[in-house]
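An overview of the molecular structure
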Amino acid sequence: MTKLLEWLFGVSLVGAVWALVSFDLLDLSLPQTYREVAWPMPLYLLVSFGCYSLATVGYRVATFNDCEEAAKELQGQIKEAKEDLRRRGLKM
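As recorded in an unreviewed UniProt entry, the chain goes by Dolichol-phosphate mannosyltransferase subunit 3 and comes from Zoarces viviparus. The UniProt entry for the chain carries this comment under Subcellular location (unreviewed entry): "Endoplasmic reticulum membrane". Reading the Sequence similarities (unreviewed entry) entry of the UniProt record for the chain gives the comment "Belongs to the DPM3 family."

Written out as structure tokens, the structure reads:
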């Protein structure tokens, strides 16, 4: 099963449970407070997911490794490309 299918299955499952509780589709006779709490739940989950994503990206950026050797190699390749273009008559 691909990750997309796993996520779609999970979201569908949560959505189905939310609809059952919010709209009382199975006549479960749940107290009104349960429905009042369940109604804004998708918004809470969306905000929580956004906070988690922001924290994950921030952490990954903060702990990103510097690649000194790759930077030097890339700068050398840029110099070679500029020299090659100058030889071919391109003015920069």
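Let us keep going from here.
Okay, the overall build of the chain next. Of the regular secondary structure elements, the chain holds four helices and zero strands. On C-alpha atoms alone, the chain measures out to a radius of gyration of 27 Å, which is more than a quarter above the 12 Å that the 2.2 N^0.38 rule sets for 92 residues. Across its three principal axes, the chain shows a C-alpha extent of roughly 80 × 30 × 25 Å. In the chain, buried positions account for 4% of the 92 residues. For the chain, the computed accessible surface area is about 8,500 Å², with 66% contributed by carbon and sulfur atoms. Averaging the coordinates of the 10 positive side-chain charges in the chain and doing the same for the 11 negative ones gives two points 14 Å apart.

A separate point is the UniProt feature "coiled-coil region" (unreviewed entry) in the chain. The sites that UniProt annotates as "coiled-coil region" (unreviewed entry) are residues 64-91. Spanning residues 64-91, this segment combines 71% helix with 0% strand, and its end C-alpha atoms are found 36 Å apart.

On to a nonpolar patch on the surface, then. A cluster of nonpolar residues, V14, V37, M41, Y44 and L45, forms a patch on the protein surface that exposes about 450 Å² of accessible area. Broken down by element, the residue count for the nonpolar patch peaks at three residues, all from helix α3 (residues 41-62). Of note, L45 is situated in helix α3. Taking the relative accessible area as the measure of exposure, L45 reaches 45% and is therefore partly exposed.

Here the UniProt feature "transmembrane region" (unreviewed entry) sits at residues 43-62. End C-alpha atoms of residues 43-62 are separated by 28 Å, and the span's content is 100% helix alongside 0% strand.

Time to look at the pattern of salt bridges. Scanning the entire structure with this criterion turns up three salt bridges. Residue E6 pairs with K3 through a salt bridge whose shortest N-O separation is 3.4 Å. Pair noted here: E6 and K3 are both in helix α1 (residues 3-23), with a separation of three residues, about one helical turn. Judged by its relative accessible area of 37%, E6 is partly exposed. Residues joined by salt bridges that share partners form a network here, namely D84, R87 and R88.

Procedures and definitions
In this numbering scheme, every chain counts its residues from 1 along its sequence in written order. Per-residue local features are limited, in this predicted model, to residues with pLDDT of at least 70; the limit for side-chain atom pairs, both in listing and counting, is 80 or more; totals at the level of whole chains, interfaces and linings are taken over all residues. Working from all heavy atoms in the structure, the side-chain values ignore hydrogens and water. UniProt positions are given in the numbering used here, feature names are shortened, and annotations may be inferred rather than shown by experiment. A run of H or I in DSSP becomes a helix once it reaches four residues, and a run of E becomes a strand once it reaches two; helices and strands are each numbered from the N terminus. Just to be clear, the radius of gyration here is over C-alpha atoms, and the globule rule we use is 2.2 Å times residues to the power 0.38. Residue exposure (1.4 Å probe, protein chains only): buried if accessible area is under 20% of the type maximum, exposed if over 50%, otherwise partly exposed. Per-residue and other accessible areas were derived by the Shrake-Rupley procedure at a 1.4 Å probe size, with only the shown protein chains allowed to occlude residues. The convention is simple: Lys and Arg are positive, Asp and Glu are negative, and His and the chain ends are not counted. We put the charge of a Lys on NZ, of an Arg on CZ, of an Asp on CG and of a Glu on CD. A patch consists of residues whose relative accessible area exceeds 30% and which take part in no salt bridge; residues with like charges are grouped when within 9 Å of each other, and nonpolar side chains (Val, Leu, Ile, Met, Phe, Trp, Tyr) when within 5 Å. Salt-bridge detection follows one rule: a side-chain nitrogen of Lys or Arg within 4 Å of a carboxyl oxygen of Asp or Glu.

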